[in-house]
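# Overview (structure and organization)
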Amino acid sequence: MDKPIRVLVAKPGLDGHDRGAKVIARALRDAGMEVIYTGLRQTPEQIVAAAVQEDVDVVALSILSGAHNHLFPKVVRLLKEEGIEDVLVLGGGVIPEDDIPGLKEAGVEGIFTPGTPTKEVIEFIKGNVKK
């Protein structure tokens, strides 16, 4: 029996709105994935520590505050410093189209903006997880 995909859903920075993250967490859980939700206002260091501790396959970052260009690449960098290069890193939230290429170059493999169907996120994870 295959083990379920383990996803850490995290809210980096000072963003205090988590409705979208909770919707994604529930959709992933309903799709058979194990979901760990970190809660609000997590530092990149806390997110990476949780990813290591929980031995996740995916780190899904959600942000609305506009700090994605700083926080998302920092999480990727800290994962690499921990020797973790087999985790799929995703970003979601209010992210301008012009910022997406730089985030992908920094190692955020999938970016999902408001209105993305949850099915699309689920299919992306299943098709790109590094098991």
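Here goes a summary of the coordinates provided. (Residues numbered from 1 in each chain as written. Predicted model: local features only at pLDDT ≥ 70, side-chain atom pairs only at ≥ 80, totals over all residues. Heavy atoms only, no water.)

## Here we look at the nonpolar core
- Ranked by size, the top nonpolar core spans 25 residues in total, and within it Leu8, Val59, Leu61 and Leu79 carry the most contacts.
- Elements supplying a minimum of two residues to this core: strand S1 (6–10), helix H2 (44–54), strand S3 (58–63), helix H3 (68–81) and helix H4 (100–105).
- The element best represented in this core is H3, accounting for six residues.
- Residue contacts for Leu79: discarding those within four places in its chain leaves Val48, Ala51, Val59, Ile84 and Val89.
- By size, the runner-up hydrophobic cluster in this structure holds 17 residues, among which are Val7, Val58, Leu88 and Ile125. (Core = buried A, V, L, I, M, F, W, Y, C linked by side-chain atoms within 4.5 Å. Buried < 20%, exposed > 50% of the residue type's maximum accessible area, 1.4 Å probe, protein only. Helix = DSSP H or I, 4+ residues; strand = E, 2+ residues; numbered from the N terminus. Contact = heavy atoms within 4.5 Å.)

## Here's the deal with the packing of aromatic side chains
- This structure, assessed with the given rule, holds one aromatic pair.
- Seen from their ring centres, Phe112 and Phe124 are 5.5 Å apart, and the 75 degrees between their planes marks the pair as edge-to-face. On the criterion of sequence distance, the pair formed by Phe112 in strand S5 (residues 110–112) and Phe124 in helix H5 (residues 118–128) is long-range, its members being twelve residues apart.
- A relative accessible area of 10% means that Phe112 is categorised as buried.
- Among the residues examined, Phe124 registers a relative accessible area of 22% and is labelled partly exposed. (Phe/Tyr/Trp six-rings, centres within 6.5 Å; stacked < 30°, edge-to-face > 60°.)

## Concerning the pattern of salt bridges
- With the rule as written, the count across this model stands at eight salt bridges.
- Asp15 is the salt-bridge partner of Lys11, the closest N and O atoms lying 2.8 Å from each other.
- According to the relative accessible area criterion, Asp15 is buried, its value standing at 4%.
- With its nearest N and O atoms 3.3 Å apart, the salt bridge here joins Lys74 to Glu45. Of this pair, Lys74 sits in helix H3 while Glu45 sits in helix H2; the two residues are 29 residues apart in sequence, bridging distant segments of the chain.
- Residue classification places Glu45 among the partly exposed positions, given a relative accessible area of 40%. (Salt bridge = Lys/Arg side-chain N within 4 Å of Asp/Glu carboxyl O.)

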